[in-house]
Structures are given as C-alpha cells and as structure tokens.
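Take a look at the letters that make up each chain.
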Amino acid sequence: MITPVYRRILLKLSGEALMGGEPCGIDPEILERLAAEVRDLVSRGVQVALVIGGGNIFRGAVLAARGMDRSVGDQIGMLATVINALAMQDALDRQGVAVRVLSALAIDQVGEPYERHRAIRHLEAGRAVIFAAGTGNPLFTTDSAASLRAIEIKADLLIKATKVDGVYSADPLIDPEAVFYPRLSYDQALREGLQVMDTTALVLCRDHGMPLRVMNINEPGALARLMRGEAVGSLVTVGH
C-alpha cells in the first residue's frame, strides 16, 4: 500500500456536488460514493476534515437580491450546511467511519460546538470531522470557512471539489477556448479574477501559505490518486 503524501486534508464540497442530476436536495447515490471515497482515505491513515456548502438547499444571496435581509439569508444558508453535514455524517457512519459534526452555531442536539483543539483531537484519533454552519457569521461564504478551518487545523492541503477538472481562464462549460492552468499562484488568481474561490478565501490561503488543489470530484478515484502524489486538477500556491 502506498503511503499517502498528505497527512491531514480539508475537503471543501459544494452543496451542488450532492445534487447529482437532481434539481435540488441530495442524491443518495452521490452521497454514498463521496462517503466511500472519504472512507478509503481514512482507512489509509489520512486525517480528513470536510466543509460542505448549502447551495443545494438554499442560497441566501439569491433571496437577498430580492429584498431579504442579507444576514438573515446567510443564517438560513448556514442551517442548510448543517443539513448537508448531518447527511454526510450518516453516510460516513454507515460506511463504518467514525465521524463528528462540529458546528459554528450552537446546535448541541445534533453536533458538537466548534473548537479548534477539539477538532484536532478528533482528527488525530482517526475520526473524520465535518465543519458545519460556515464561520458562524453572515457575509462569509463556505469557501472562506473552508480556508479558515484548513488554516486553523494546520491541514497539509485544502481541496476544493468542483464539477470541472481544475482552474481555467474562463468557464470551460461555456467557453470552449478556456485555457487550463495546471499550476498558478494566488496573486495570479486574484489579478486575473479567476473563479477559484472568493477573494477573502484566496487572500486567507495566500497569507497563510495554504496550498489549494482544485479538482473534479465527479472523476472516480481522483482523490485516491491525489493522495498518492499524482498531479490531479490545478494547484494554487503562494508562488509558482
């Protein structure tokens, strides 16, 4: 068995990644496949933390644009991430993975309160950890939450799982001439306005030297290949 090149990772999944072909909600088959991939990483000794967005259930920014108070919309969105976290916890539990949900909002009946040392203890004990409710504050995306948590737990790598193969100069699903970037710097991503993560998330990662890998989560076995050291997707670092 090949020793994984990363000891501790944070995997950022969009809520849309759980939808599969459904217009909204959670596709059970997608959930089970993702849980199985996480199980395989944990079984190989990788410490896995996850942040899951809530866009498959609710998008606060959309309703805010139509008059809802932005803070209220974001709070509802945080609760949507809790729903996804509980769904993933259940899927991982059924795969035999010890897992804990740590929430930035106080919801003691369904998850533990987030605390950095608690999260690290769970990871070192071989448990997967799901960070729910974003940062607990409105106006911050789950991308920013993922960057913050990855830095706090001292992850070796932050992985953003998307529907495309990595970072492109434009949306490859719309522009067939879009150029693929196998490797780039945070400054380049910010300068060119590339749709990698939001600006706050990129600046956090840049300023704390957190490497980011952007990859297609729908490609079977991609996570395992990445853990073996293969160049999967695009790598974003402080310098080329």
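In the block above lies the structure referred to throughout.
Analysis parameters
- Residues numbered from 1 in each chain as written.
- Predicted model: local features only at pLDDT ≥ 70, side-chain atom pairs only at ≥ 80, totals over all residues.
- Heavy atoms only, no water.
- Helix = DSSP H or I, 4+ residues; strand = E, 2+ residues; numbered from the N terminus.
- Buried < 20%, exposed > 50% of the residue type's maximum accessible area, 1.4 Å probe, protein only.
- Contact = heavy atoms within 4.5 Å.
- Arc of directions from axis to C-beta.
- Polar contact = N/O pair within 3.5 Å; in protein donor to acceptor, adjacent residues only side chain to side chain.
- Phe/Tyr/Trp six-rings, centres within 6.5 Å; stacked < 30°, edge-to-face > 60°.
- Lys NZ or Arg CZ within 6 Å of the ring centre and 35° of its normal.
- Core = buried A, V, L, I, M, F, W, Y, C linked by side-chain atoms within 4.5 Å.

Novice: I tried to follow unusual backbone geometry on my own but got confused; where do I start?
Specialist: One non-glycine residue, Ala-133, lies in the positive phi region at around 70 degrees. Residue position: Ala-133 is located in the loop between strand 5 (128–132) and helix 5 (142–152). Classification of Ala-133 as buried rests on a relative accessible area of 0%. Non-glycine residue Leu-139 carries a positive phi angle of around 75 degrees.

Novice: For this particular structure, what's the right way to read the side chain of His-122?
Specialist: One can find His-122 in helix 4 (residues 116–124). The residues touching His-122, leaving out its near neighbours within four places in the chain, are Arg-100, Leu-102, Glu-112, Arg-127 and Val-129.

Novice: Any chance you could explain helix 7 (residues 199–207) here in plain terms?
Specialist: Every α-helix carries 3.6 residues per turn, so stepping three or four residues along brings you back to the same face. Every buried residue of helix 7 is listed here: Ala-201, Leu-202 and Cys-205. The buried side chains of helix 7 occupy one side of the element, clustering within an arc of 95 degrees when seen end-on. Every exposed residue of helix 7 that faces more than 90 degrees away from the buried side is listed here: Thr-199 and Asp-207. Those residues of helix 7 that are buried lie in contact with helix 5, strand 6 (157–162) and helix 6 (186–191). If you check the start of helix 7, you find a side-chain oxygen 3.0 Å away from the backbone N of Thr-200, and it comes from Asp-198.

Novice: Which parts of the structure should I look at to understand the packing of aromatic side chains?
Specialist: The geometry of two aromatic rings is summed up by the distance between their centres and the angle between their planes. Counting across every chain of the model gives 2 aromatic pairs. Seen in terms of ring centroids, Tyr-114 and Phe-131 are 5.5 Å apart; in terms of plane orientation they differ by 80 degrees. Their pairing is edge-to-face. Taken together, the residues Tyr-114 in the loop between strand 4 (112–113) and helix 4 and Phe-131 in strand 5 connect sequence positions 17 residues apart. The ring of Tyr-114 carries the charged tip of Arg-149 above its face, separated from the ring centre by 3.7 Å.

Novice: Help me out: how do you make sense of the nonpolar core in this one?
Specialist: The nonpolar side chains of a soluble globular protein tend to be buried with one another. Residues Ile-9, Leu-13, Met-88, Leu-92, Ile-130 and Ile-159 are the most contacted members of the largest nonpolar core, which totals 42 residues. Every element with two or more residues in this core is listed here: strand 1 (8–13), helix 1 (28–43), strand 2 (47–52), helix 3 (70–94), strand 3 (99–103), strand 5, strand 6 and helix 8 (222–227). For this core, the element with the most residues is helix 3, which contributes 7 residues. Among the nonpolar cores identified, the runner-up in size contains 31 residues, and Ile-120, Leu-123, Phe-131 and Leu-212 belong to it.

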